[in-house]
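Given next are the chains, with one letter for each unit.
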Amino acid sequence: MTTYTKKAQVLLTEEEYKTLEEFAVKTKKKLGTLIREAVEKVYVKEKKHARIKDSIDRLLSMPPAPVPEDYQQWEKEYSKRKAVSR
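Within any chain, residue numbers begin from 1 and follow the written order of that chain's sequence. Local features in this predicted model are restricted to residues whose pLDDT is 70 or higher, and side-chain atom pairs enter the listing and the counts only when it is 80 or higher, whereas totals over whole chains, interfaces and linings include all residues. To get the side-chain values, take all heavy atoms of the structure and skip hydrogens and water.

Broken down by element type, the protein chain carries 3 helices and 0 strands. Helix and strand definitions follow DSSP, with helices as H or I runs of at least four residues and strands as E runs of at least two, each counted in order from the N terminus. For the protein chain, the sequential pattern of α-helices and β-strands runs α-α-α. Put simply, the radius of gyration uses C-alpha atoms, and a globule should come to 2.2 Å times the residue count raised to 0.38. For 86 residues, the compact-globule estimate of 2.2 N^0.38 gives 12 Å, and the protein chain exceeds it by more than 25% at 25 Å. Reported as C-alpha extents along the three principal axes, the dimensions of the protein chain are approximately 70 × 30 × 25 Å. In this scheme, a residue with accessible area under 20% of its type's maximum is buried, one over 50% is exposed, and one in between is partly exposed, where area comes from a 1.4 Å probe on protein chains only. For the protein chain, buried positions account for 3% of its 86 residues. On the protein chain, roughly 9,000 Å² of surface is accessible, and the fraction owed to carbon and sulfur atoms is 58%. Within the protein chain, one finds 20 positive and 14 negative side-chain charges whose respective centroids are separated by 7 Å. Methods summary: accessible areas were calculated by the Shrake-Rupley approach with a probe of 1.4 Å, and residue burial reflects only the protein chains presented. In summary, the charge assignment counts Lys and Arg as positive and Asp and Glu as negative, without counting His or the chain termini. All charge positions are set by atom: Lys at NZ, Arg at CZ, Asp at CG, Glu at CD.

Our next topic: unusual backbone geometry. Notably, Lys-28 is not glycine yet its phi reads approximately 60°, a positive angle. Classification of Lys-28 by relative accessible area gives exposed; the value is 78%.

This part covers helix α3 (residues 71-84). With 14 residues, α3 extends 20 Å between its outermost C-alpha atoms, agreeing within 8% with the 20 Å of an ideal straight helix rising 1.5 Å per residue. The residue sitting at the N-terminus of α3 and contributing the capping side-chain oxygen is Asp-70; that oxygen lies 3.2 Å from the backbone nitrogen of Gln-72. Given the number of residues in a helix, its expected span is that number minus one, multiplied by 1.5 Å. Residues adjacent in sequence count toward polar contacts only when both atoms are side-chain atoms; beyond that, a polar contact is any pair of N or O atoms within 3.5 Å, and within protein one must be able to donate a hydrogen and the other to accept it.

In this section: the packing of helix α1 (residues 14-27) against helix α2 (residues 31-60). Where helices are involved, their axes are fitted lines through C-alpha atoms of the stretch in contact, as for all axes, and angles between N-to-C directions lie from 0 to 180°. With their axes 9 Å apart at the nearest point, α1 and α2 run at an angle of 105° to one another. One way to sum up the angle between α1 and α2 is to call them roughly perpendicular. Between α1, through Tyr-17, Leu-20, Glu-21, Phe-23, Ala-24 and Thr-27, and α2, the contact on the second element is made entirely by Leu-31, Leu-34 and Ile-35. Under the scheme applied, nonpolar residues are Ala, Val, Leu, Ile, Met, Phe, Trp, Tyr, Cys and Pro; charged residues are Asp, Glu, Lys and Arg; polar residues are all the others, including Gly. Class assignment for the residues of the contact of α1 with α2 results in 7 nonpolar, 1 polar and 1 charged. Roughly parallel covers angles under 35 degrees, roughly antiparallel covers those over 145, roughly perpendicular covers 65 to 115, and oblique covers all other angles. Should any heavy atoms of two residues lie within 4.5 Å, those residues are considered in contact.

Now for the environment of Phe-23. Tracing the chain through its elements places Phe-23 in helix α1. Taking the relative accessible area as the measure of exposure, Phe-23 reaches 43% and is therefore partly exposed. In sequence terms Phe-23 and Lys-48 are 25 residues apart; their C-alpha atoms lie 27 Å from each other.

In structure tokens, the structure reads:
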């Protein structure tokens, strides 16, 4: 269950409020729920997509890694280094 800890006060036009109210009745949801869902769909999702895009851009901009000639030897070395870094 999500705990809501922050409050925001929003002024709406008569038309905006009426539209939201009609949709609330139609979907059997509270106004606050509709507003939170809209924020999630637009702004939170946009922020998440931007983080993913930035991560992909950073990965794609990395220099190519050399291909190991002996995979088993590379794996042994990798395992040793991985164990040390823990």
